[in-house]
Amino acid sequence: MSRIVELSSSNITCDRRDFLRSVTAGTIAAGVVGSSSTGPAFAEQKSLKPRSWIQIRGIYGGFPDEILKRGQTPADYGVNAIWVGSGGLKQDKIEQYHELGLKVFAEFNSMHFASYLKKHPEAAPIGTDGEPSPPPHGWQGVSAFDAGYRKNRMGEFRRVLETFDIDGIWLDYHHSHASWERSEPVMPDTDFSPGALKQFQETTGISLPDSAPAAAKKLLGTYREKWTQFRCDVFTDWVREYREILERVRPKALLGTFHCPWSPDDYNGAIRHKLAIDLPAQAKYLDVLSIMPYHARFGHPQNPEWITKQTYSLAEQLGLKGEPGEKQQIWPIVQLADWGESVGVDQVSSVLDSGTKQPSTGVMVFHWSGVSKDWQKVEALGRFYRGIRP
């Protein structure tokens with residue numbers, strides 16, 4: 001999410017937050033936040049028609065109080081849902097937005113609660129040299145194989161669900177130690193801790209050398225496919241446990257996930273081999289998959305159709321068409337805020353159009369704190385959302 005951490009914990013610095021700081025500092029000072037065109041003008045959206053299959057028209061990144069301060073409501077902009085980092089939830093605010101007719105969803109940091117390592121350095125991901133893997137671009141992950149960390153996250157997940165009257169909760173950063181939210185990702189091979197290696201041997205019956213470097217060489221060579229599946233299974237098992245907690249504590253809430261937008265073959269299968277994400281396996285525990293096709297951030301600044309392409313690829317993997325009665329839904333989170341490449345006002349309609357084609361049944365925009373600094377974008381978002389509203 002190059003120095004990335006969660007939006008849910010206020011004491012951690014992250015690439016997303018670095019982005020927000022840049023929005024509120026230099027760009028705003030120049031008076032041109034996000035409003036400049038990124039290149040050739042994008043075609044104006046033709047007259048919009050209701051898209052009955054789109055259930056959710058959302059905003060990610062906090063309570064949109066700026067709308068209320070203008071004497072308006074989110075409904076005036078066609079918005080019917082918001083996502084708030086779990087560390088920023090407040091029950092009175094949730095009730096306020098519920099009264100306005102909005103769904104309120106939480107974002108939950110799964111594998112990137114980096115402050116845990118301050119007291120538990122042994123939970124750091126271990127690289128192929130047997131040492132803690134340096135954080136790529138400052139992105140510090142935590143090992144999925146550390147029992148104490150898993151207990152910490154499950155306890156916090158339960159607390160959030162018990163404390164707040166939310167309509168759902170989305171897993172974020174549920175992947176291995178890597179910096180992938182960029183056009184040139186850095187994804188070190190990790191998880192070679194003694195606990196992980198022991199668990200692999202017990203699960204598979206395969207014997208490994210005693211030293212981590214020697215074991216890593218075997219796992220990334222002869223046993224690569226078994227190692228990949230093993231790691232994916234562990235990350236999937238976390239999702240299973242999250243689901244069990246939700247079913248016990250707040251069974252009517254939705255469980256979603258924000259996840260890498262790559263197709264299975266992108267970067268030589270990195271979504272599984274490097275990030276340990278097995279979406280078909282995780283999907284049976286999820287209600288909603290929110291693919292993250294940030295077109296500008298991922299090197300497609302002039303091609304919002306990349307959003308549709310990646311969403312179709314996900315749907316094919318899961319056998320979804322965006323039709324009523326399907327067990328899972330796809331609600332992409334699309335980029336309107338500047339992060340890396342800028343996203344001009346002239347792109348807003350094209351980006352949202354790409355994000356609301358079936359099999360999508362909902363959509364949300366990244367990121368309110370950035371988008372709200374350029375009200376032209378908010379107005380363009382509102383025109384689109386109102387136009388497709390049934």
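Our subject is the structure that appears above.
Calculation notes
- Residues numbered from 1 in each chain as written.
- Predicted model: local features only at pLDDT ≥ 70, side-chain atom pairs only at ≥ 80, totals over all residues.
- Heavy atoms only, no water.
- Axes fitted to C-alpha atoms, helices over the stretch in contact; angles between N-to-C directions.
- Helix = DSSP H or I, 4+ residues; strand = E, 2+ residues; numbered from the N terminus.
- Parallel < 35°, antiparallel > 145°, perpendicular 65-115°, else oblique.
- Left-handed = near helix turned anticlockwise from the far one by under 90°.
- Contact = heavy atoms within 4.5 Å.
- Nonpolar A, V, L, I, M, F, W, Y, C, P; charged D, E, K, R; others polar.
- Pairing = 2+ DSSP bridges.
- Salt bridge = Lys/Arg side-chain N within 4 Å of Asp/Glu carboxyl O.
- Buried < 20%, exposed > 50% of the residue type's maximum accessible area, 1.4 Å probe, protein only.
- Core = buried A, V, L, I, M, F, W, Y, C linked by side-chain atoms within 4.5 Å.
- Polar contact = N/O pair within 3.5 Å; in protein donor to acceptor, adjacent residues only side chain to side chain.
- Arc of directions from axis to C-beta.

### A word on the packing of helix H11 (residues 348-355) against helix H13 (residues 375-388)
Argument step 1. As a packed pair, H11 and H13 sit with axes 9 Å apart at the nearest point and diverge in direction by 40°. On the basis of the axis angle, H11 is oblique to H13. Pair H11 / H13 crosses with right-handed handedness. Contacts from Val 348, Ser 349, Leu 352 and Asp 353 of H11 reach H13 at Lys 377, Ala 380, Leu 381, Phe 384 and Tyr 385.
Argument step 2. In the contact of H11 with H13, the residues fall into six nonpolar, one polar and two charged.

### Looking at the sheet that holds strand S9 (residues 362-366)
Argument step 1. Ordered by their spatial adjacency, nine strands build an open sheet running S7-S6-S5-S4-S3-S2-S1-S9-S8, and the pairing between neighbours is parallel. A strand with exactly one partner marks an edge of an open sheet, and here the two such strands are strand S7 (329-330) and strand S8 (333-335).
Argument step 2. Relative to S9, S8 is paired through three bridges, and the arrangement is parallel. When the sheet's bridge partners are listed, Ile 333 is paired in S9 with Met 364.

### Some points on the pattern of salt bridges
Should their charged atoms come close, side chains of opposite charge can pair.
Argument step 1. Under the definition given, this model contains 16 salt bridges.
Argument step 2. In this structure, the salt-bridge partner of Asp 237 is Arg 150, at a minimum N-O distance of 2.8 Å. Of this pair, Asp 237 sits in helix H7 (residues 224-249) while Arg 150 sits in helix H4 (residues 147-163), and the two are 87 residues apart along the sequence.
Argument step 3. Of the charged contacts, one joins Asp 353 and Lys 357 as a salt bridge, the two residues approaching to 3.8 Å between their closest N and O atoms.
Argument step 4. Each of Arg 150, Asp 237, Arg 240, Glu 241 and Glu 244 takes part in salt bridges that share partners, so that together they form one network.

### Digging into the pairing of S9
Argument step 1. Most of S9 sits out of view: five of its five residues are buried.
Argument step 2. Every second residue of S9 is oriented toward a common face, with Gly 362, Met 364 and Phe 366 on one face and Val 363 and Val 365 on the other, all of them buried.
Argument step 3. The sheet contact formed by strand S1 (residues 56-60) and S9 spans five bridges and is parallel. Residue Ile 59 lies in a different strand from S9, and its bridge partner there is Val 365.

### A look at the environment of Pro 251
Argument step 1. Turning to its location among the elements, Pro 251 is positioned in the loop between H7 and strand S5 (254-259).
Argument step 2. Taking relative accessible area as the criterion, Pro 251 reaches 48% and is therefore assigned partly exposed.
Argument step 3. Once the C-alpha coordinates of Pro 251 and Leu 161 are considered, the two residues, 90 residues apart in sequence, prove to be 9.8 Å apart.

### Structural notes on the nonpolar core
Argument step 1. Core analysis: the biggest nonpolar cluster contains 111 residues, and Trp 83, Phe 157, Ile 166 and Ile 169 have the highest contact counts within it.
Argument step 2. With residues up to four places along the chain from it excluded, the contact list for Ile 169 reads Ala 106, Phe 108, Phe 157, Val 160, Leu 161, Leu 246, Leu 254, Leu 255 and Gly 256.

### Brief notes about the side chain of Asn 109
Argument step 1. Take Asn 109: it is sitting in strand S3 (residues 103-109).
Argument step 2. Only 2.9 Å separates the side chain of Asn 109 from the backbone nitrogen of His 112, close enough to count as a polar contact.

### Things to note about helix H5 (residues 194-204)
Argument step 1. Every buried residue of H5 is listed here: Ala 196, Leu 197 and Phe 200. Along the axis of H5, the buried residues cluster in a sector spanning 100°; they form a single face. Across from the buried face of H5, at angles greater than 90 degrees, the exposed residues are Pro 194, Lys 198 and Glu 202.
Argument step 2. Summarising the contacts, the buried residues of H5 are in contact with helix H6 (212-219) and H7.

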